[in-house]
Amino acid sequence: MNRKRVGILISGRGSNMASLIEAARSESCVYEVACVISNRPDARGLQLAKNAGINTIALDHKSLGTREALDEAMHEALLANKVEFVACAGFMRIMTADFVARWEGKIINIHPSLLPLFKGVDTHEHALRAGVRVHGCSVHFVSAELDAGAIIAQGVVKVLPGDDADTLAARVLPIEHKLYPKVLNALAEGRIRLNDNLVEFTDDDAANLSLLAAG
Ligand code: GAR
C-alpha cells in the first residue's frame, strides 16, 4: 500500500500527535507520519516523536522572528519531507493566509470545543462559564480565520455537576485521541474532501465519523 505522507505540527505535550503516530502502526492505516514539526524546540512532543523513530524538526518561532518566516520554514520542511497532508495537533501559532492557501483542503486541526463555540484558548473554562451542558472537540479544515474552517467531525461529552476545567479537559482529551486518527485516515483515503468551503463525505462510513458521543 502506498501510504499518504502526513506532517504533524505541534507546540507542546503531543498527546494528540502520539495518538496519530500510534494509529499509523496499524496495517489498515492509509497514512504514515513523515515528520513532526514544532515551533518550540523544548516541546515534550518532539522527544516523544523522536523516541518513536520519526523525523523531527524544531523551528523556533522566536528566532525566526516573523509569522511569515515561520510559515515559510514550515512549508519548506513539509515539502522536503514529501508531505501530502498536514495535521495540527496542539499547534498554538496563528498561520498566515498564504500558508493556509498553499495547503487548502489538505490541512486539518483539532480544537477542544464544539466549534463555532469557544474559539481560541481556555476553551474548557469558557464552556463552564457559559453553562453549556455538552462540550467536546472539533476536527476542522484549517482556514485563514482562526478556528473557523469547515467542521469535519465533533466529539461530544456531557458537562457534569462539579466539573472544573481540569476534569472537563480530562474527559474531552480521550475523545480527541479517538476521533482525530479516524478523521485523518479518512481524509488521507480521499473519503473526506473540502469543496467550496463545505465538507463532502464520499460514503456513509466517512459521514458517520462526524459524531463521536461519550456518555
Ligand atoms: C489539545 O487539547 C488540542 O485540542 C488543543 O491543545 C491540546 C494539545 O494537547 N489544541 C488547541 O487548543 C488548538 N487551538 P496535546 O499537545 O497533548 O495534543
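As a reminder, the structure under discussion sits directly above these lines.
The structure reproduced in this document is the subject of the present report. Remember, it's a predicted structure, so these values are computed and weren't measured experimentally.

A word on the pattern of salt bridges. By the definition in use, this model includes 8 salt bridges. Linking Arg191 and Glu189 is a salt bridge whose minimum nitrogen-to-oxygen distance equals 2.7 Å.

Attention now moves to the pairing of strand S6 (residues 134–141). Most of S6 is tucked away, with 7 of its 8 residues classed as buried. Alignment of strand S5 (residues 107–111) against S6, held across 4 bridges, turns out to be antiparallel. Note that in S6 the partner of Ile108 across the bridge is Phe141.

The next point concerns the environment of Asp147. Within the element layout of this structure, Asp147 appears in the loop between S6 and strand S7 (151–158). For the pair Asp147 and Gly120, spaced 27 residues apart in sequence, the C-alpha to C-alpha distance is 7.1 Å. Excluding residues within four positions of it along the chain, Asp147 makes contact with Asn109, His111, Leu115, Lys119, Gly120 and His140. Polar contacts involving the side chain of Asp147 include one to the main-chain amide nitrogen of Gly120, which spans 2.8 Å.

Turning next to the site of the ligand. As a structural note, the neighbourhood of the ligand is formed by Arg13, Gly14, Ser15, Asn16, Gly90, Met92, Ile110, His111, Pro112, Leu173 and Glu176. Within the side chain of Arg13, a nitrogen or oxygen atom sits 2.6 Å from an oxygen atom of the ligand. Contacts to the ligand include Glu176, whose side-chain N or O atom sits 2.7 Å from an oxygen atom. Contact with the protein chains covers 87% of the free accessible surface of the ligand, which is 450 Å². For the shell around the ligand, the per-class residue count stands at 4 nonpolar, 5 polar and 2 charged.

At a closest axis distance of 9 Å, the pairing of helix H6 (residues 123–130) and helix H7 (residues 165–188) adopts a crossing angle of 115°. Regarding the angle of H6 to H7, the classification is roughly perpendicular. For the pair H6 and H7, the sense of crossing is right-handed. Where H6 abuts H7, its residues His124, Glu125 and Leu128 lie against Ala165, Leu168, Ala169 and Val172. In terms of residue class, the contact of H6 with H7 is made up of 5 nonpolar, 1 polar and 1 charged.

Once that is clear, we can look at the sheet that holds strand S10 (residues 211–214). Pairing is mixed across the open sheet formed by 8 strands, whose spatial order is S3-S2-S1-S4-S5-S6-S7-S10. The strands lining the two open edges of the sheet, one partner per strand, are strand S3 (56–58) and S10. Between one strand and the next, the sheet's axes are offset by a mean angle of 20°, whatever the strand orientation. Taken together, the 4 bridges between S7 and S10 define a ladder with parallel strand orientation. Counterpart to Val157 in the pairing with S10 is Ala214. Taken strand by strand, H7 contacts strand S1 (4–10), strand S2 (31–38), strand S4 (85–88), S5, S6, S7 and S10, and its axis lies near 155° from that of S7.

Let's shift gears to a negative patch on the surface. On the surface, a cluster of negative charge is contributed by Asp122, Glu125, Asp164 and Asp166. Topologically, Asp122 is positioned in the loop between S5 and H6.

With that settled, consider the side chain of His124. Along the chain, the position of His124 falls in helix H6. Residue contacts for His124: discarding those within four places in its chain leaves Pro112, His135, Ala165, Leu168, Ala169 and Val172.

Attention shifts here to the packing of helix H1 (residues 15–23) against H7. Two packed helices can be described by the angle between their axes and the distance between those axes. In contact at an axis separation of 9 Å, H1 and H7 are set at 45° when each is read in the N-to-C sense. One finds that H1 runs oblique with respect to H7. Classified by chirality, the crossing of H7 by H1 is right-handed. Contacts between H1 and H7 involve Ser15, Asn16, Ser19, Leu20 and Ala23 on the former and, on the latter, Leu173, Glu176, His177, Tyr180, Pro181 and Leu184. Classifying every residue of the contact of H1 with H7 gives 6 nonpolar, 4 polar and 1 charged.

Reading the values: the criteria
- Residues numbered from 1 in each chain as written.
- Predicted model: local features only at pLDDT ≥ 70, side-chain atom pairs only at ≥ 80, totals over all residues.
- Heavy atoms only, no water.
- Salt bridge = Lys/Arg side-chain N within 4 Å of Asp/Glu carboxyl O.
- Buried < 20%, exposed > 50% of the residue type's maximum accessible area, 1.4 Å probe, protein only.
- Helix = DSSP H or I, 4+ residues; strand = E, 2+ residues; numbered from the N terminus.
- Pairing = 2+ DSSP bridges.
- Contact = heavy atoms within 4.5 Å.
- Polar contact = N/O pair within 3.5 Å; in protein donor to acceptor, adjacent residues only side chain to side chain.
- Near = heavy atom within 4 Å.
- Areas by Shrake-Rupley, 256 points an atom, 1.4 Å probe, with all protein chains shown as cover.
- Nonpolar A, V, L, I, M, F, W, Y, C, P; charged D, E, K, R; others polar.
- Axes fitted to C-alpha atoms, helices over the stretch in contact; angles between N-to-C directions.
- Parallel < 35°, antiparallel > 145°, perpendicular 65-115°, else oblique.
- Left-handed = near helix turned anticlockwise from the far one by under 90°.
- Patch = residues over 30% accessible without salt bridge, like charges linked within 9 Å, V, L, I, M, F, W, Y side chains within 5 Å.
- Lys, Arg positive; Asp, Glu negative; His and termini not counted.
- Charge placed at Lys NZ, Arg CZ, Asp CG, Glu CD.

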